[in-house]
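Structural characterization, general
The chain contents come next:
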Amino acid sequence: MELFHNDWDQVLEEVTSSKEFYNTMVLAKKEYETKTVFPPRENIFEALKLTSYENTRVVIVGQDPYHGTGEAHGLSFSVKPGVRVPPSLQNIYKEMYDDLGIREPANCGYLTKWAKEGVLMLNAILTVEKDKAGSHSALGWEFFTDSVIKKLNEKETPVVFILWGSFARSKKFYVTNPIHYIVESPHPSPFSARNGFFGSKPFSKTNNFLTEKGLKPIDWQL
């Protein structure tokens, strides 16, 4: 089954041919046919399409897609061009400036460039009903996305796992390979950013680790 059109198709072949994945796809199809669901169906697996298994050097784990009209396009924390930058991403940009001196792009929350740099922006839950955050948490997506994290844990080259907030931090249970590096902090949302996200320096920590391991650092400039 070619879902991703890169090496993820082979890496996840056993997962995507499983009964669990089939059941999730059936449930998701029904949701799309009867309700307004985001992201667009063609963007459900956008993160994996844009960042191959081999090229993944960093993972940023999100919870579920933005649930407002026209926002989500399959990458955690990213919004489509022309969409107002959400508060969490505004705080990510602020920390990026404080950490690396990189100014945020004017009115742009489109993070596809990061994906092409090797940053897999993976939501744990890949779909959501309009205006209902967390509404698809029971569809079974986490069987699939946890499998993605487990496969990345098996990589023989180091990967940085950026885990913001308690939900994302729960995924470090699957990161057992000592060659990898976990960067964790509170979530960048306005409710928690001042409790430890600001000043956590995730961007420089990531690049310092990659450089130490002889890998190309991420160009975070958008």
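Bear in mind that the values here come from a model prediction, so they are computed numbers and not experimental data.

Bringing the nonpolar core into the picture now. If you look at the biggest cluster of nonpolar residues, it comprises 63 residues, and the most contacted ones within it are Ile 60, Trp 114, Phe 144 and Trp 220. Once residues lying within four places of it in the same chain are set aside, the contact partners of Ile 60 are Ser 76, Phe 77, Trp 114, Val 119, Leu 120, Met 121, Leu 122, Ile 162, Trp 164 and Trp 220.

Attention shifts here to the pattern of salt bridges. When charged atoms on two side chains of opposite charge get close, those side chains can pair. Scanning all chains against the criterion turns up 12 salt bridges. For the salt bridge of Lys 35 with Glu 129, the shortest nitrogen-to-oxygen distance reads 3.9 Å. One end of the pair, Lys 35, is in the loop between helix H3 (19–34) and strand S1 (37–38); the other, Glu 129, is in strand S4 (residues 128–129), with 94 residues separating them in the sequence. Look at Glu 129 and you get buried, because its relative accessible area is 14%. For Glu 129, the salt bridge identified is with Lys 132, shortest N-O distance 3.5 Å. One salt-bridge network, held together by shared partners, links Glu 31, Lys 35, Glu 129 and Lys 132.

Mapped onto the secondary structure, His 180 falls in the loop between helix H8 (165–169) and strand S6 (181–185). Its relative accessible area of 9% is what places His 180 among the buried residues. Setting aside chain neighbours within four positions, we find His 180 in contact with Leu 152, Asn 153, Lys 155, Thr 157, Pro 158, Val 159, Phe 161, Val 175 and Phe 209.

The rules we used
Residues numbered from 1 in each chain as written. Predicted model: local features only at pLDDT ≥ 70, side-chain atom pairs only at ≥ 80, totals over all residues. Heavy atoms only, no water. Core = buried A, V, L, I, M, F, W, Y, C linked by side-chain atoms within 4.5 Å. Buried < 20%, exposed > 50% of the residue type's maximum accessible area, 1.4 Å probe, protein only. Contact = heavy atoms within 4.5 Å. Salt bridge = Lys/Arg side-chain N within 4 Å of Asp/Glu carboxyl O. Helix = DSSP H or I, 4+ residues; strand = E, 2+ residues; numbered from the N terminus.

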